[in-house]
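# Structure assessment
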Amino acid sequence: MTELEELVLTPDERARGARVDSVVFEMDWTGEESPGRLAEFVAGRVRALGVEPTGVDTDALHRAAESDPTLRRGDFPVRQLDHLSRVLADLGCTLLACHNGTDTYEVLVALTGECEPTWPTGLTHQGLPVRAWGSEPEETLVSLNCPNCSSMLVWELPANQTLADERCDCGTALFDAAGLPLPDVTLHD
């Protein structure tokens, strides 16, 4: 099994006992504290991994965002991460995201190297799943309040499983036979 440390730390960092925490960039869902910090972090990690960070820049995205009337709060960080993920793929690297269940993006940069064409599954950091940015989750979290009794219900499902014909303990039907929520059921975001 591949260890996260092998993918995101340089051999020198591993020899010095550096921890993965030392190479994680955290960004609030609304964006960077200062424009350009995410790109600086990514360029620095790419350089540390021995790759020239050609094209690792988000300036054009910042300029385009200034005149985009459709851009809503929280959209820009996703555009940045999507852009950097594509740039990194061309450089033989991968943008990873640690899914901690909060509204914070925790990102790492890894060498793709021998991981192509399939990225390792089951990577974790501090017990939380880590996967390539934009990849499908291995598990899906579904939560809702029953429309009848208001009980909060939460399921953590493998990506290939649905909640077909699921009911609340009170007997209220929540999902149809295809696993789609019934019309009076609202899933939490």
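Bear in mind the structure is a predicted one, so any value in this text is a computation, not a measurement.

On to the pattern of salt bridges, then. It is possible for side chains bearing opposite charge to pair when their charged atoms get close. Applying the stated rule across the entire model yields six salt bridges. The shortest N-O distance in the salt bridge between Glu 33 and Arg 37 comes to 3.8 Å.

Another point: the packing of helix α3 (residues 37–48) against helix α5 (residues 75–90). Following both chains from N to C, one finds α3 and α5 inclined at 20 degrees, their axes separated by 11 Å at the closest point. Judged by the angle between their axes, α3 and α5 are roughly parallel. Handedness of the α3/α5 crossing: right-handed. Counted together, Leu 38, Val 42 and Val 46 of α3 and Gln 80, Leu 81, Leu 84 and Leu 88 of α5 form the full contact between these two elements. Here the residues of the contact of α3 with α5 sort into six nonpolar, one polar and no charged.

In this section: the nonpolar core. Core analysis: the largest hydrophobic core is formed by 21 residues, its most contacted members being Leu 38, Val 42, Val 46, Leu 88, Leu 95 and Val 109. Put simply, the parts of the chain that give this core at least two residues each are β1 (25–28), α3, α5, β2 (93–98) and β3 (104–111). Examining the composition of this core, we find that five residues originate from one element, α3, more than from any other. Each residue touching Leu 38, except ones within four places of it in the same chain, is listed here: Phe 25, Met 27, Glu 32, Gln 80, Leu 81, Leu 84 and Val 107.

Here is what the cut-offs are and how they apply
Residues numbered from 1 in each chain as written. Predicted model: local features only at pLDDT ≥ 70, side-chain atom pairs only at ≥ 80, totals over all residues. Heavy atoms only, no water. Salt bridge = Lys/Arg side-chain N within 4 Å of Asp/Glu carboxyl O. Axes fitted to C-alpha atoms, helices over the stretch in contact; angles between N-to-C directions. Helix = DSSP H or I, 4+ residues; strand = E, 2+ residues; numbered from the N terminus. Parallel < 35°, antiparallel > 145°, perpendicular 65-115°, else oblique. Left-handed = near helix turned anticlockwise from the far one by under 90°. Contact = heavy atoms within 4.5 Å. Nonpolar A, V, L, I, M, F, W, Y, C, P; charged D, E, K, R; others polar. Core = buried A, V, L, I, M, F, W, Y, C linked by side-chain atoms within 4.5 Å. Buried < 20%, exposed > 50% of the residue type's maximum accessible area, 1.4 Å probe, protein only.

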